[in-house]
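Read off the chains here:
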Amino acid sequence: MISFKTAATLSAPAVALSFLVGFSGSSADKIAFTPAEGVSVTKTFLTTTSMEVDDMTMLMNGGPGPMQEMEMTMDMTQTVTVTDEYISMADGQPKKLARTFDVISSDLEMDINAAGQAQSPTGAGTSPLQDSTVVFTWNAENEEYDVAFAEGVTEDMDLRGLLPKGELAEGDSYEIDLANFSNILAPGGNLSLEMEVDGEMSGAGMDPEMMTDFSKFFEEMLEGDASGKYVGTRDVDGVKVAVIEIEVEINASADMSELAAESMGGEEVPEGVEMSIDRMDVELVYTGSGELLWNMAKGVVHSFEIDAEMEMNTDMAMAVSMGGNEMEITMEMMMSGSVKNSVTTE
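Residues numbered from 1 in each chain as written. Predicted model: local features only at pLDDT ≥ 70, side-chain atom pairs only at ≥ 80, totals over all residues. Heavy atoms only, no water.

Colleague: Which residues make up the overall build of the protein, and what are the values?
Modeller: On a plain count of helices and strands, the protein comes out with four helices and 17 strands. The buried share among the 346 residues of the protein stands at 44%. (Helix = DSSP H or I, 4+ residues; strand = E, 2+ residues; numbered from the N terminus. Buried < 20%, exposed > 50% of the residue type's maximum accessible area, 1.4 Å probe, protein only.)

In structure tokens, the structure reads:
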């Protein structure tokens, strides 16, 4: 017969081990995209951008141009609200998704002082996609989504690309594919945003439409690093959320000549004047930190916010033909500022 003293001695290590396992904090959590089929989530993406010109050089036929100095500030706010209905799910992603674009809008304020003239153009952007519903259906054979009637839109507005691949313990870090930040800087892809800007000098500097089409930077040269760190859970208004700290640094470049030519094609020019874009190369540096809150019960994003510093350098060359005279205009412009991206859900 084993005495009480012996039994207590034998069981003590087991009790201690159980205590350590239960309270050491080493348990791992699974943070995953798992919305129930038939559920709808309304998400609002808000992007606030403030930029100013740091330096600019303009040459005409290799000599000084008419606008040697320019002061410019640009403040833009873009709002995209969508309601996603997860009709069916498969393998951690929507198999069929119906997205209604509730709001697509942009507001612009500029202050420009160039060639002795000062103006404060304002503008607004709208999209023909607003109030429409687009259906995304997963094509397993082609490994991509078939999209009903809308071109250039992207399916992932869930921020699931920011999540870890497996389980994480509190304090664990992981790498994030930079391409996933396209869904933050250009939520929804190409939303056919059409900007209308008032003011005679509204065309000076960087085209506002290019300032919103960040998706181009993810199609070409893309370098940098991004990481997430799981720091535990938090109660937000009665909802248990996983908290992930995000750090990102992006260095990218894009050929914007086609987009610039399309934008210039919509501008009125004097009779007898012809213009063409020879090149428009834009380099982007984006460095930021933020926080992702993930709804553990519903398996969807709860909210997201990131603050970043941004630099944008433009090298442009265009040819102008007027009255039999040929001119080549080149311009280099360096801009810097800040960008704040946030996502809220209902």
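Colleague: Give a description of the nonpolar core that names residues and reports values.
Modeller: A general feature of soluble globular proteins is that nonpolar side chains tend to end up buried together. Membership of the largest hydrophobic core comes to 80 residues, with the highest contact counts inside it found for F181, Y286, L292 and F304. If you tally residues by element for this core, the top one is strand β16 (residues 300-322), at ten residues. (Core = buried A, V, L, I, M, F, W, Y, C linked by side-chain atoms within 4.5 Å.)

Colleague: Report on the environment of V135, specifying residues and quantitative values.
Modeller: Along the polypeptide, V135 turns up in strand β8 (residues 133-139). As for V135 and V147, which are separated by twelve residues in sequence, their C-alpha atoms are 6.0 Å apart. In this structure V135 touches K96, L97, A98, D146, V147 and A148, once residues within four positions along its chain are discounted. (Contact = heavy atoms within 4.5 Å.)

Colleague: Please provide a residue-by-residue account of the packing of aromatic side chains, values included.
Modeller: Tallying each qualifying case throughout the model produces three aromatic pairs. Considering the side-chain rings of F33 and Y86, the 5.8 Å spacing of their centres and the 70 degrees angle between planes classify their relative orientation as edge-to-face. A residue pair is termed long-range when its members are at least 10 positions apart, and F33 in the loop between β1 (28-29) and β2 (40-60) and Y86 in strand β4 (residues 70-90) qualify at 53 residues. Exposure remark for F33: the relative accessible area of 6% places this residue in the buried category. On the basis of an interplanar angle of 70 degrees and a centroid distance of 4.9 Å, the ring pair of W138 and Y145 is categorised as edge-to-face. (Phe/Tyr/Trp six-rings, centres within 6.5 Å; stacked < 30°, edge-to-face > 60°.)

Everything listed here is a matter of geometry and, on its own, says nothing about what the molecule does.
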